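Secondary and tertiary structure notes
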Amino acid sequence: MTDVIDTKTVDDEIYNCLDLDKPKSFFLFAGAGSGKTRSLVEVLKRFRENNIHRLRTNAQRVAIITYTNAACDEIKRRLEFDPAFSVSTIHSFAWELIRPHTHDIKSLLRVFLQKDVEALELAQSKGRTGSKAAEDRPKQIASKRKRLESLSTVRKFTYNPNGENSSRDSLNHAEVIALTAELLSIRPLLQTVLIRKFPVLLLDESQDTKKELIEALFAVQRTHKDQFSLGLFGDTMQRIYMDGKENLGLALPDDWVTPKKIYNYRCPRRVVKLINKIREEVDKNQQEPVKKSEGFARLFIADTSQSIDKSAFEEMACQKMAEFTSDELWMEPKENKALTLEHHMAAQRGGFSNFFNALHGVDKLKTGLLDGTLSGITFFSEKVLPLISSLEVNNQFSVSRILHKNSPLMLKEKFENSEDQKAELKKVNVAVDDLYALWKIDSNPTLINILKEINRSGLFKVPDSLATIADRQEKDFELPEGDVDLIIDAWDTALESSFNEFKSYVQYISEESRFGTHQGIKGLEFPRVMVILDDGESRGNSFSYEKLLGAKEPAKSDNDNQKKGKETSIDRTRRLFYVTCSRAEESLAIIAYTSEPNKVKENALRQGWFAEEEIVKS
Ligand SMILES: Nc1ncnc2c1ncn2[C@@H]1O[C@H](COP(=O)(O)OP(=O)(O)OP(=O)(O)O)[C@@H](O)[C@H]1O
């Protein structure tokens, strides 16, 4: 195996692997901020210069798979949207590969579903009666059986990588990945199609790519090593999803190239020192800072054994950070990125929890809520919000454009068939004025009032998901007991939120908000970062900052897992903590909410994470 140290050599090493006549595979795993993504882009630009004609002649492309749509957009932009590069998320990539193979998908899905039914039946026969799982299983079995029965009538499967997949012939996200992994393993023809189309496949953030798929790609590489270059970029310390492959990179074949990067280009020296300490218990990959600036890292400990005003505490922390760093931008909410563990914690702090929590409570709505694709959301975000924003600044050109694009009152046929076109136009203007009047009566109207008004005037088409509510008369309100549709119920609550609350939600999902989640900021960087650690507010139990920070003893299951050499919730939390801290380009504030502030402080000192003078207690 080859080891190299500086960026230029690493880039050369990777570039040499992408030789279409003598391809090699490589594994570039290195710490946070070491320039992995940058190397990926730089090498591809060089590759394009020398290979573009050959790729075009052979109708081939380079596949680059990244973790999020935002990361795809960034890489596409940096590669100047060159069609020689196919940049996609793993789900889109997998789907494009398997979508023509309806017959294979159908047979395999049948096997998967049958196995699921058998496993559920077995669990039901062995499990405790009266538990929630026992109550749910018969419904799951019935639903899978129904799907099995309807499989023969499916003519073509559908799949949307970015949204809901609820129709009868659609596949869900997990199925697309499992089907691709299996088909790649059992259908040599699919492997050939893959390598013919994409002689080079680069996988960013590969520590979190589903293990079945990684294994299938390794198998493709093994079989076609003379025609195919597989490149993996990542960092085992940044594995934050449970389905990534553990110990990826161990026992690689000797012909894989494994360049090393030991410098951190993103973080100031103080932050590099902290992330090195966090990492030290896991592996030997310690980084050296490139930046000359020392930067700042501070730990703020809030005692939750007494009542505490969290927003006041976080504001105080920003104020202190502004003093420590002499950087006034810590006082500007938009200028420092606050990271919470879960979305609902961000919603609480960002002032959009009424809207968010109402919809987040329904499983079927979750994905569409998080990426803003629910039709009930796009109705407000793509029609009402731009219209009101344009009216607020009196931009008539933009108002007219939005109406032409979206309003049924502006339909060409309507005007053509009308005897009085002026009257038609007047109708549109009156509808707009009536809607905008809501903001004059109340500077922050509720979504339900906006919806009802638009439904009355017909200014925009109300989506089906909101039509029942929009059409509802007051007398309908008394629904018979038990006759509640969860989705409509959730929308009923969400629509009671104000328009400004909805605007804050839209900023959050468009990543314009000050808030982000610990998992959602993978690959990103910000000058000022505030990491909020608060187990008390979190709902899941995969992570425990209290245990990592020494405020809570490890659970029996943690000890058992550790003895068996399996990962514990503390290991997972440590990696997440590493990811969040390593986003800071200048200064970093950690806010720890705990009922054991002394223990947290002692632990931070003992581990050498922070010095006495860097810790502030409430
Ligand atoms: N050789 C370099 N010279 C100057 N700046 C660099 C170099 N390599 C990386 N950087 C800068 O350092 C920052 C981190 O780089 P990049 O995002 O590529 O790192 P990464 O290893 O992919 O990070 P992570 O794993 O933490 O997401 C970016 O701002 C990038 O522009």
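Residues numbered from 1 in each chain as written. Predicted model: local features only at pLDDT ≥ 70, side-chain atom pairs only at ≥ 80, totals over all residues.

As recorded in an unreviewed UniProt entry, the chain goes by the name DNA 3'-5' helicase II, listed as coming from Marinagarivorans cellulosilyticus.

Things to note about the overall build of the chain
Just so we agree on the cut-off: Each helix is a run of H or I in the DSSP string that is no shorter than four residues. Each strand is a run of E no shorter than two, and both are numbered from the N terminus. Atoms counted for the radius of gyration: C-alpha only. Globule rule: 2.2 Å times residue count to the power 0.38. Counting other C-beta atoms within 10 Å of its own, a residue is labelled buried from 20 upward, exposed at 12 or fewer, and partly exposed in the gap between, with every C-beta atom placed from the backbone. Once C-beta atoms are placed from the backbone, any two residues with those atoms within 7 Å are in contact.
Per the secondary structure count, the chain includes 26 helices and 13 strands. The globule rule puts the C-alpha radius of gyration for 618 residues at 25 Å, and the 27 Å found for the chain is close to it. Once the C-alpha set of the chain is aligned to its principal axes, its extents read approximately 80 × 65 × 60 Å. Burial analysis of the chain (618 residues in total) assigns 35% to the buried set. When contacts within the chain are restricted to residue pairs at least 6 apart in sequence, long-range pairs at least 24 apart make up 74% of them.

Let's talk about the sheet that holds strand E3 (residues 85–89)
Note the following rule: In this scheme, strands are said to pair when DSSP sees at least two bridges between them. Where helices are involved, their axes are fitted lines through C-alpha atoms of the stretch in contact, as for all axes, and angles between N-to-C directions lie from 0 to 180°.
Spatially, 5 strands are ordered E1-E5-E4-E2-E3 in an open sheet, and the strand pairing comes out parallel. Two strands in the sheet have a free side with no partner beyond their single neighbour: strand E1 (26–29) and E3. On average, adjacent strands in this sheet sit at an angle of 15° to one another, irrespective of strand direction. Pairing geometry for strand E2 (residues 62–66) and E3, over 5 bridges, is parallel. Counterpart to Thr66 in the pairing with E3 is Thr89. Its contacts with the sheet put helix H3 (residues 69–78) on E2 and E3, and the angle it makes with E3 is roughly 165°. In this fold helix H4 (residues 90–98) packs onto E2 and E3, with an angle of close to 115° to the strand it touches most, E3.

Focus: the site of the ligand
This is how it is decided: As a rule, any residue with its backbone-derived C-beta atom within 6 Å of a molecule or strand is reported as near that molecule or strand. Amino acids are sorted into nonpolar (Ala, Val, Leu, Ile, Met, Phe, Trp, Tyr, Cys and Pro), charged (Asp, Glu, Lys and Arg) and polar (every other residue, Gly among them).
Around the ligand, 15 residues are found, and the nearest of them are Ala32, Gly35, Lys36, Thr37 and Tyr265. The greatest single-element share of the shell around the ligand, amounting to 3 residues, is contributed by helix H2 (residues 36–57). Residues belonging to the shell around the ligand are distributed by class as follows: 2 nonpolar, 8 polar and 5 charged.

Describing the packing of helix H10 (residues 269–280) against helix H25 (residues 569–581)
Between two packed helices, what matters for the description is the angle formed by their axes and the separation of those axes. Selection criterion: Working definition: roughly parallel below 35 degrees, roughly antiparallel above 145 degrees, roughly perpendicular at 65 to 115 degrees, and oblique for all remaining angles.
Contact pair H10 / H25: the axes reach a minimum separation of 10 Å and the direction vectors enclose 170°. Compared by their axis directions, H10 and H25 come out roughly antiparallel. Two secondary-structure elements touch here, H10 through Val271, Leu274, Ile275, Ile278 and Arg279 and H25 through Arg574, Phe577, Tyr578 and Cys581. Of the residues assigned to the contact of H10 with H25, the class counts are 7 nonpolar, no polar and 2 charged.

Concerning the sheet that holds strand E11 (residues 526–533)
In sheet architecture, strand pairing relies on hydrogen bonds along the backbone and comes in two forms, parallel and antiparallel. Spatially, E10-E9-E11-E12-E8-E13 is the arrangement adopted by the 6 strands of the open sheet, whose pairing is parallel. Taken across any chain shown, the strands that pair with only one partner, and hence form the sheet edges, are strand E10 (515–517) and strand E13 (615–617). Pairwise comparison of adjacent strand axes, ignoring direction, gives a mean angle of 25° for this sheet.

Quick notes on the pairing of E11
The side chains of a regular strand alternate, first on one face of the sheet and then on the other. With 6 of its 8 residues buried, E11 lies for the most part within the structure. With 3 bridges joining them, strand E9 (residues 337–340) and E11 adopt parallel strand pairing. Counterpart to Lys337 in the pairing with E11 is Val529. Judged from the 7 bridges that link them, E11 and strand E12 (residues 584–594) form a sheet pairing that is parallel. Residue pairing across strands places Phe526 opposite Ala584, the latter belonging to E12.

Remarks on the nonpolar core
Note the threshold: Joined through C-beta atoms within 7 Å, a set of buried Ala, Val, Leu, Ile, Met, Phe, Trp, Tyr and Cys residues constitutes a nonpolar core.
Grouped together as the largest cluster of nonpolar side chains are 88 residues, with contacts concentrated most on Ile591 and Ala592. When residues in this core are grouped by element, the largest group, 7 residues, is from E12. If we ignore the near neighbours within four places in the chain, the residues touching Ala592 are Leu299, Ile301, Ala302, Leu533, Tyr545, Leu549 and Val600. Residues Val200, Leu203, Ile214 and Leu232 belong to the second largest nonpolar core, which totals 57 residues.

Topic: the UniProt feature "binding site: ATP" (unreviewed entry) in the chain
Selection criterion: UniProt positions are given in the numbering used here, feature names are shortened, and annotations may be inferred rather than shown by experiment.
In the UniProt entry, the feature "binding site: ATP" (unreviewed entry) is given for Ala30, Gly31, Ala32, Gly33, Ser34, Gly35, Lys36 and Thr37. Its location among the elements puts Gly31 in the loop between E1 and H2. Structurally, the position occupied by Ala32 is in the loop between E1 and H2. Accessibility expressed as a C-beta count within 10 Å gives 24 for Ala32, which makes it buried. Aside from chain neighbours lying at most four places away, what touches Ala32 is Asp235, Gln238, Asn264, Arg266, Ile275, Tyr578 and Ser582.

What about unusual backbone geometry?
A positive phi angle, close to 55°, is found at Glu80, a residue other than glycine. A tally of 9 C-beta atoms within 10 Å means that Glu80 is categorised as exposed. Not every positive phi belongs to a glycine, and Asn394 is a case in point at roughly 55°. Following the sequence through the fold, Asn394 ends up in the loop between helix H15 (375–392) and helix H16 (396–406).

Description of the environment of Cys72
By the element assignment, Cys72 lies in helix H3. Overall, Cys72 belongs to the partly exposed group, with 18 C-beta atoms counted inside 10 Å. Between the C-alpha atom of Cys72 and that of Val87, which follows or precedes it by 15 residues, the distance is 5.9 Å. Once you skip the residues sitting within four places of it in the chain, Cys72 turns out to touch Thr66, Val87, Ser88 and Thr89.

Overview of the confidence of the model for the chain
Going by this rule: What pLDDT reports is the predictor's confidence in each residue, on a scale of 0 through 100.
Looking at the chain, the pLDDT average stands at 90 and 96% of residues meet or exceed 70. H10 holds the highest mean pLDDT among the elements of the chain, 98, whereas helix H17 (residues 412–416) holds the lowest, 77. This model gives residues 1–5 a pLDDT under 50, and the stretch forms 15 contacts once residues within four places in sequence are excluded. Reported confidences for the modelled complex are a pTM of 0.85 and an ipTM of 0.99.

Examining helix H12 (residues 343–350)
For H12, the full list of buried residues reads His343, Met345, Ala346, Ala347 and Gly350. Here the buried face of H12 lies against E9, helix H13 (353–360), helix H14 (363–371), helix H22 (499–509), E10 and E11. Immediately beyond the C-terminal end of H12, within one or two residues, lies Gly351, with a positive phi of roughly 75°.

Side note on the packing of helix H19 (residues 447–457) against helix H20 (residues 464–471)
Where H19 meets H20, the axes come as close as 10 Å, and the angle between the chain directions of the two elements is 90°. Comparing the axis directions of H19 and H20 gives the class roughly perpendicular. Between H19 and H20, the contacting residues are Leu451, Lys452 and Asn455 on the first element and Leu466, Ile469, Ala470 and Asp471 on the second. Within the contact of H19 with H20, the residues separate by chemical class into 4 nonpolar, 1 polar and 2 charged.

Describing the environment of Leu248
By the element assignment, Leu248 lies in the loop between strand E5 (229–234) and strand E6 (263–264). Exposure remark for Leu248: the 21 C-beta atoms within 10 Å place this residue in the buried category. Setting aside residues no more than four positions away along its own chain, Leu248 makes contact with Ser206, Gln207, Ile214 and Thr236.

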